[in-house]
2 protein chains.
Amino acid sequence: MRELSDIKEYYRSIYNIEHLMDICYWDQTTMMPENSFLARAEALSEAELIIHEKKTSQVIFDAVEKLLLDDNLDNITIMALLSAKKEIEQKRLLPISLVKEIKKITCQCEYSWVKNKEINNWQGFSKDLTQLVELIREKADILSEASGTSPYESLLNEYEPMMKTDMLDNLFEEIQMWLPGLAERFKSNSLNRNVNQKIPIRTQIKINKEMLSELGFDFSRGRLDVSAHPFCGGTRDDIRITNRYSDSNFMGGIYASLHEFGHSLYERNLPNEFLGMPVSYPCSIGIHESQSLFFEMCYGYSDSFINYLSKKTVKYGLNISASSIRKHLLQLKPNETRINTDEIHYLQHIYLRYLIEKDLINKNITVNDIPELWDELSLKLLGISSGKDHKNGCMQDIHWAAGFFGYFPCYMLGYIYASQIYKKIGDLNYEDTLLWLRKNIWLKGAFFSPVDIIESGTEEKISTLYARDMIIAKYENI
Amino acid sequence: MRELSDIKEYYRSIYNIEHLMDICYWDQTTMMPENSFLARAEALSEAELIIHEKKTSQVIFDAVEKLLLDDNLDNITIMALLSAKKEIEQKRLLPISLVKEIKKITCQCEYSWVKNKEINNWQGFSKDLTQLVELIREKADILSEASGTSPYESLLNEYEPMMKTDMLDNLFEEIQMWLPGLAERFKSNSLNRNVNQKIPIRTQIKINKEMLSELGFDFSRGRLDVSAHPFCGGTRDDIRITNRYSDSNFMGGIYASLHEFGHSLYERNLPNEFLGMPVSYPCSIGIHESQSLFFEMCYGYSDSFINYLSKKTVKYGLNISASSIRKHLLQLKPNETRINTDEIHYLQHIYLRYLIEKDLINKNITVNDIPELWDELSLKLLGISSGKDHKNGCMQDIHWAAGFFGYFPCYMLGYIYASQIYKKIGDLNYEDTLLWLRKNIWLKGAFFSPVDIIESGTEEKISTLYARDMIIAKYENI
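Residues numbered from 1 in each chain as written. Chains lettered and ligands numbered in written order. Predicted model: local features only at pLDDT ≥ 70, side-chain atom pairs only at ≥ 80, totals over all residues. Heavy atoms only, no water.

**Side note on the UniProt feature "binding site: Zn(2+)" (unreviewed entry) in chain A**
All names here are of chain A.
Thinking step 1. Residues annotated by UniProt as "binding site: Zn(2+)" (unreviewed entry) correspond here to His259, His263 and Glu289. In summary, the annotated positions, though distributed over 31 residues, converge in three dimensions, the widest C-alpha pair being only 8.7 Å.
Thinking step 2. Following the sequence through the fold, histidine 259 ends up in helix 10 (residues 250-268).
Thinking step 3. Leave out the neighbours within four places in its chain, and histidine 259 touches Glu289, Ser292, Leu293 and Glu296.
Thinking step 4. Take histidine 263: it is sitting in helix 10. (UniProt positions renumbered as here; feature names shortened; annotations may be inferred. Helix = DSSP H or I, 4+ residues; strand = E, 2+ residues; numbered from the N terminus. Contact = heavy atoms within 4.5 Å.)

**Observations concerning the relation of the copies chain A and chain B**
Both copies of the chain are related through a single rotation about an axis accompanied by a shift along the same axis.
Thinking step 1. Expressed as a screw operation, the relation of chain A to chain B combines 0.0 Å of axial shift with a rotation of 180°, fitting to an RMSD of 0.0 Å. Each copy turns onto its partner about a two-fold axis. The rotation axis passes nearest to the C-alpha of leucine 20 of chain A in chain A, at a distance of 3.1 Å.
Thinking step 2. The overlap is high: 100% of the interface residues of chain A also sit at the interface in chain B, so the same surface is used on both sides. (Least-squares fit on C-alpha atoms with pLDDT ≥ 70 in both.)

**What to know about the layout of surface pockets**
Gaps between atoms show up when a probe of the same size as a water molecule is rolled over them.
Residue and element names in this part refer to chain B.
Thinking step 1. In this structure, the second largest pocket encloses a volume near 480 Å³.
Thinking step 2. Taken together, 24 residues form the lining of the second largest pocket, with Cys298, Ser302, Tyr422, Gly426 and Asp427 sitting closest to its centre.
Thinking step 3. Mapped onto the lining of the second largest pocket, the elements with two or more residues apiece are helix 11 (285-298), helix 12 (303-315), helix 16 (409-425), helix 17 (430-440) and helix 19 (465-476).
Thinking step 4. A per-element tally of the lining of the second largest pocket places helix 19 first, with five residues.
Thinking step 5. Split into classes, the residues belonging to the lining of the second largest pocket amount to 11 nonpolar, seven polar and six charged. (1 Å grid on protein atoms, 1.4 Å probe; cavity = no way out; pocket = protein on both sides within 12 Å on 5 of 7 lines; lining within 4 Å. Points joined across faces, edges and corners; volume = space filled by probe spheres on them. Nonpolar A, V, L, I, M, F, W, Y, C, P; charged D, E, K, R; others polar.)

**Quick word on unusual backbone geometry**
Thinking step 1. Even without being a glycine, lysine 363 of chain A presents a positive backbone phi close to 65°.
Thinking step 2. Inspection of the secondary structure assignment puts lysine 363 of chain A in the loop between helix 14 (343-361) and helix 15 (370-382).
Thinking step 3. Note on lysine 363 of chain A: relative accessible area 46%, which makes it partly exposed.
Thinking step 4. Although it is not a glycine, glutamate 459 of chain B adopts a positive phi angle of roughly 55°.
Thinking step 5. Take glutamate 459 of chain B: it is sitting in the loop between helix 18 (450-458) and helix 19. (Buried < 20%, exposed > 50% of the residue type's maximum accessible area, 1.4 Å probe, protein only.)

**Observations concerning the confidence of the model for chain A**
Thinking step 1. Scored by pLDDT, chain A has a mean of 96; 99% of the residues are at 70 or more.
Thinking step 2. If you check the scores for this complex, the pTM reads 0.94 and the ipTM reads 0.93. (pLDDT = per-residue confidence, 0-100.)

**Section: the packing of helix 8 (residues 165-185) of chain A against helix 19 (residues 465-476) of chain A**
All names here are of chain A.
Thinking step 1. Two elements in contact, helix 8 and helix 19, have axes whose closest approach is 10 Å; the angle formed by their N-to-C orientations is 10°. By the angle between their directions, the pair helix 8 and helix 19 is classed as roughly parallel. Across the interface between the two elements, Glu174, Trp178, Leu182 and Arg185 from helix 8 touch Leu465, Ala467, Arg468, Ile471, Ile472 and Glu476 from helix 19.
Thinking step 2. Broken down by class, the residue content of the contact of helix 8 with helix 19 amounts to six nonpolar, no polar and four charged. (Axes fitted to C-alpha atoms, helices over the stretch in contact; angles between N-to-C directions. Parallel < 35°, antiparallel > 145°, perpendicular 65-115°, else oblique.)

If you want it as structure tokens, here you go:
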């Protein structure tokens, strides 16, 4: 392997295996019969292992290193090779035995979470979580020793490259400066403003498909199906959005579709030149989430979209006025669960998790400290005590059970990135909005850091104040 | 790699990659949006290549050879290792460049077939087919030189191991001794005996699911979906049957389900001990087809099943009597296309293709000779001239375009194997039928040759006379 074309072909083969995995993940959630679970898990693990081996092989490392000595490379290629080299080095830090063990214990812990959450059994779950946290700490120690960052930051950077915990601390603290005031200011929005949204699920599916088509989702290279939780899966060549519907919550389905549509645009429009190499992938979870939240929380609240949606409801006999839609969307109702809370308190939910997981990974607290700390922070940040209701408290999310530590703050980042982008382009028409996002976000792949992408696109430093201003503009405009 | 357990783990990883491929093949036919075709084809090719590399690696060859020197192996393990060694040697005969080239030209040729069949353009298709046949001949020459068989037989043995063309010739000639007489004897069955089968497709799907459940198909590890052509895909842990329905051809759907159900039982019950090793796979296409034909053509014509089906039609308001079902099924109507012809003339269709493809691969004729030869044989064997109607003549099947030479005779073998089995166990009740098949066919995997499996199970030499007798019994019993 000597040429750039060889290296590209090598990574393209990784991309191709991922294609099969991505489709099978989608199948698992939408189509797979229940008792095929174990065989599928084993098959997917196998493919992950093959990819891990390919991504850490000596042959690719040597080829990349050697080619980097070539004086005639263009900048783009140099960036692609450097990030490939960094990925190889990073992945090689972890012994394969640890990778396999984490995989195994994660499966066990996810299963324990499902089982024990149902019966509110924190004791049962915490044993498995403790085992997983020990392994994750081991991993974090290895990564942090190599990078010179804190253990938590080294995990965070797997989801949000180059993000500093100092910066996160500052952003969260900035949010604390204005958020409680806004929650107080708009608390009258907590009045019950429900509207009749009853409409058969079959009709909802039709409307969601129609809407996605009209927004530009390409159904000749993608699908919309039903699953327990909405997600955007598949591969950039074959995007699989899923959603769930309730016959009395039409708008819940619509805004979930909008959210996943944002993810799908990003995936679809990532750069293809170095397919399978790190630069061709999403830049970070924060950026990914910024694209979904942009459509769900920014564009979705624009007059233009709300009028469009109102017309759709007329077409299908629901007849919800634009102003009723807006009133319904802008209810402030803090809820003890993250996925049922309102837009403003969502950020507090994230802060709560961030504070706990950072201390957990940095070994300032243990798994056993979580419930008490959760209750304390929940009372402070949300005004809600979770008490012994663990299944709606510290056991509500799958993230920790799945080994995702350092992931939660990306939701906050996604929200502030989205607000900052919306501040920049909120006045553009739909077509120009897509053009701007394509040029400034999607096509940049992982060539740059998340913060660089947002700051150079919006021509402003990262700040939480765009989020604050957007909230004020939205909640005042009822 | 030293131990049996290492070798088993190695092959299990192959099995796992195949799992992902199998699910993605199914997805391609049932779910995939049209424009994702190219990306999917590339991803599947990649996985095939990985499997080819794994199946021909020096490390596995050395491990198998070394372990075979061990004196303490049991017979089953020795058989598993010997057949693994044979597979490695066989696959190593072909240069990887030829494997890739065949793959590439096959894609091209299949595409050409789809496109040119539509417009009845033999000239256009024959160019691509000629290119493919040249490569397939090259492959056959390599294989036949190593095995000492004719080129055609070496291809045949990829689908039907250890089958001789001499034996095929004898079987086909034996069939010619009795088949034309039976076609003449039962030609009055060609009277129009259509019954009203009009029933909405949604109801048909419900009935087919209900029937499969009642026959024992495990929907907790399998699915039934819709595709253009019925097939049984997925993996033994997650079987994916598909079917197609017409609202005026209820029975067509039912018997296609029965056919695929037979395939599914075989796949589901293959031996699991050496997963991924050759012995764990279906023994041959002929045996596979014998299981589907057993359910479609033998068990499906039993009084017990036909009464069951008649009751189903009553339950769903169609009210077809058992005798009407039988009359409908037993119409003799030779058709110029294989998939639309009757049971008896189906065998003639296969013979026609066998004669042509054998001569083609053994270089006695060229691709350009096919249409004339087809017409001549069609007239002789079916009494139908295909003339210039190539799309219903020599272009009707995808097999040759897909590079499947040596595959067609397996349909005949499947039919005579099935008849021979039915002769042996036709009197058993359903439960005992499954037990017998499980013990004598399914669990034998590829530990033995197809002929050995049939002859030791039925305790009779292979013969076409069981097929003759079954036809007589069925067609006389109206």
